[in-house]
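# Coordinates in review
Residue strings, one per chain:
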Amino acid sequence: MEDKRQVVPGLEDNRDVTTTLGVQKAKGGLGKVMGGLGSLLVLVGFVGSNLPLIVGGIVVAVVGAVLGNHAQKVGQAAISQRLVPGALHQVFEAVEYPAAQDLTRAQIAEGSPGLPRFDSLYTNDVVSASYQGLPVWLAGLKLCEMALYRDPETEMEKEEEREIFLGLWFACDLGKEIGCDCTITPKGVLGRLTGSRNALGSEVFARKFQVQTDRPDWAERLLTQPVQEAMLSLLSMGKTYLRLRPDGKLTLAVSMGKPMFYLGKGSVQAESIQRRFVEELRGPTRLVDALRRSLP
């Protein structure tokens, strides 16, 4: 069988990506400086009733915003085209990126791992692949709710979209039926303090997660020590939600507070960024490995 890891463009040498990201990060920083300077000029212009200064400040701020947005788009495009494929091929096989089909609201709702109620959803970086022969779907997911707020200028109530989840969505067919329907969600502060008499798993696991299942006996068999450790390790990425259905389909969502495959404020070194992506991708696969070992 052909090893697809050997044919990924740009997998071995990404020095030009590092250069691109460095340049775009510098441009983004300049855009922020120009935005701040423009705002300051507008403020001084208003105080001194200086119309030319106000106009000049607005122009500087707009140019800064355009420069910053363009730099972010160029940098993110370099990541998506050069670094993400390499990271995916280090973890999965038969990678299709971006996938031909986008995720639908019905797919998200079908295997919902106890996510908050949402009014709208947005996906990006949808991936179709396989992991050790198992079909896998992966995507960046953003969920929003509509919230009312009072406009201070008009004193009228208006609706606005409010982000309630931003992170990773992962689904895998484990290929075996299991004896229960199990949903695992993060506990709130009060839940972590009070605990639960009927909690499943170790004391540490029970403080972090709430387990809901129709068959506690089966769920306890599935929640082996390696499975619990894999779930707890995912908390380093963000709040973690899991759903295991009787047909063996696993759905996992991690609220990372940032888009999947995002540059962020860290290093612009291509190798470092790609290693971070690989480690984030291995979080869900470690859970898959642990669950497969726990299945009869």
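Computed from a predicted structure; not experimentally measured. Each chain has its residues counted from 1, following the order in which its sequence is written. In keeping with the model being predicted, local features are shown solely for residues with a pLDDT of at least 70 and side-chain atom pairs are shown and tallied solely at 80 or more, while totals for entire chains, interfaces and linings include all residues. Heavy atoms throughout the structure, all of them, feed into the side-chain values; hydrogens and water do not.

Attention shifts here to the environment of Gly 201. Considering the arrangement of structural elements, one finds Gly 201 in the loop between α4 (189-194) and α5 (203-208). Residues Gly 201 and Met 256, 55 residues apart in the sequence, show an inter-C-alpha distance of 24 Å. Every helix listed is a DSSP run of H or I at least four residues long, and every strand listed is a run of E at least two residues long, numbered separately from the N terminus.

As a further point, take the pattern of salt bridges. For side chains of opposite charge, pairing can occur when their charged atoms come near one another. Salt bridges, as used here, are contacts in which a Lys or Arg side-chain nitrogen is within 4 Å of a carboxyl oxygen on Asp or Glu. Scanning the model with the defined rule gives twelve salt bridges in all. Through salt bridges with shared partners, one network takes in Asp 173, Arg 245, Asp 247 and Lys 249.

Below, the discussion takes up the confidence of the model for the protein chain. A score from 0 to 100, pLDDT tells how confident the predictor is in each residue. With 92% of its residues at a pLDDT of 70 or more, the protein chain shows a mean pLDDT of 84. The criterion used for residue contact is that any of the two residues' heavy atoms lie within 4.5 Å. Note that pLDDT drops below 50 for residues 1-12; the model gives that stretch 14 contacts with residues more than four away or on any other chain. Ignoring residues within four places in sequence, the model shows residues 189-198, a span with pLDDT below 50, making five contacts including any to other chains.

Next up on the list: the nonpolar core. Core analysis: the largest hydrophobic core is formed by 58 residues, its most contacted members being Phe 92, Leu 138 and Phe 170. Residue contributions to this core peak at nine residues, all from helix α8 (residues 270-294). Residues within four places of Leu 138 in sequence aside, it is in contact with Leu 88, Phe 92, Asp 125, Val 126, Val 127, Leu 168, Trp 169, Phe 170, Met 260, Phe 261 and Leu 281. Only buried residues count toward a nonpolar core. Its members are Ala, Val, Leu, Ile, Met, Phe, Trp, Tyr and Cys residues joined through side-chain atoms within 4.5 Å. Summary of the burial criterion: residues with accessible area below 20% of their type's maximum are buried, those above 50% are exposed, and those between are partly exposed, where the area comes from a 1.4 Å probe applied to protein chains only. By size, the runner-up hydrophobic cluster in this structure holds 15 residues, among which are Ala 99, Ala 139, Leu 141 and Leu 143.

The next point concerns the packing of helix α7 (residues 225-234) against α8. Lines fitted to the C-alpha atoms define the axes, with helices restricted to the stretch that makes contact. Angles between their N-to-C directions range from 0 to 180 degrees. Taken N-terminus to C-terminus, the directions of α7 and α8 make an angle of 165°; their axes are 8 Å apart at the nearest point. By the angle between their directions, the pair α7 and α8 is classed as roughly antiparallel. α7 and α8 meet at a crossing whose hand is left-handed. Counted together, Pro 226, Val 227, Ala 230, Met 231 and Leu 234 of α7 and Gly 283, Pro 284, Arg 286, Leu 287, Ala 290, Leu 291, Arg 293 and Ser 294 of α8 form the full contact between these two elements. A breakdown of the residues in the contact of α7 with α8 according to their chemical character gives nine nonpolar, two polar and two charged. Oblique is the label for every angle not falling under 35 degrees (roughly parallel), over 145 degrees (roughly antiparallel), or within 65 to 115 degrees (roughly perpendicular). Put simply, a crossing is left-handed when the front helix is turned counterclockwise from the back one by less than a right angle, and right-handed when it is turned clockwise. Under this grouping Gly is polar, as are all residues other than the nonpolar Ala, Val, Leu, Ile, Met, Phe, Trp, Tyr, Cys and Pro and the charged Asp, Glu, Lys and Arg.

The subject of this paragraph is helix α1 (residues 15-47). For a helix, the expected span equals 1.5 Å multiplied by the number of residues minus one. Across its 33 residues, α1 extends 49 Å between first and last C-alpha, which sits within 8% of the 48 Å expected from 1.5 Å per residue. Looking at α1, one finds that the buried residues are Val 17, Thr 18, Leu 21, Gln 24, Gly 28, Gly 31, Gly 35, Gly 38, Val 42 and Gly 45. The inward-facing, buried residues of α1 contact α2 (51-91) and α8. Among the residues trailing α1, Ser 49 stands out with phi positive, at a value near 50°.

Among the structural elements, Leu 252 can be located in strand β8 (residues 249-255). Sequence separation of Leu 252 and Gly 29 is 223 residues, and the distance between their C-alpha atoms is 35 Å. Once residues lying within four places of it in the same chain are set aside, the contact partners of Leu 252 are Leu 168, Trp 169, Phe 170, Leu 234, Thr 240, Tyr 241, Leu 242, Pro 284 and Leu 287.

A word on the packing of aromatic side chains. Pairs of aromatic rings are described using the distance from one ring centre to the other and the angle between the two planes. Note on ring pairs: Phe, Tyr and Trp rings are taken, using the six-membered ring of Trp, and paired if centres are within 6.5 Å. Classes follow the plane angle, with under 30 degrees stacked, over 60 edge-to-face and the rest tilted. Scanning all chains against the criterion turns up four aromatic pairs. On the numbers, 5.0 Å between centres and 40° between planes, the contact of Phe 205 with Phe 209 is tilted.

With omega at -10°, the peptide bond leading from Tyr 97 into Pro 98 counts as cis. If you trace the backbone, Pro 98 turns up in the loop between β1 (93-96) and α3 (105-110). For Gln 132, which is not a glycine, the phi torsion comes out positive at approximately 50°. Positionally, Gln 132 belongs in the loop between β2 (120-131) and β3 (134-150). Residue Gln 132 is classed as partly exposed on the basis of its relative accessible area, which comes to 47%. Phi is positive for Phe 261, close to 55°, though the residue is something other than glycine.

So, on to the pairing of strand β4 (residues 157-173). Paired strands, in this sense, are two strands between which DSSP finds at least two bridges. Pairing of β3 with β4 involves 15 bridges; the strand directions are antiparallel. Bridge assignment links Lys 142 to a residue of β4, and that residue is Leu 166. With seven bridges connecting them, β4 and β8 associate as antiparallel partners. Bridge pairing in β8 places Gly 167 opposite Ser 255.

Pairing in this open sheet of eight strands is antiparallel, and the strands run β1-β2-β3-β4-β8-β7-β5-β6 from one edge to the other. The open sheet is flanked by β1 and β6 (209-213), the only strands paired with a single partner. For this sheet the average axis-to-axis angle between neighbouring strands, irrespective of direction, equals 20°. When strand β5 (residues 182-186) meets strand β7 (residues 239-244), the two strands line up antiparallel, connected through three bridges. Considered in β7, the bridge of Cys 182 is made with Leu 244.

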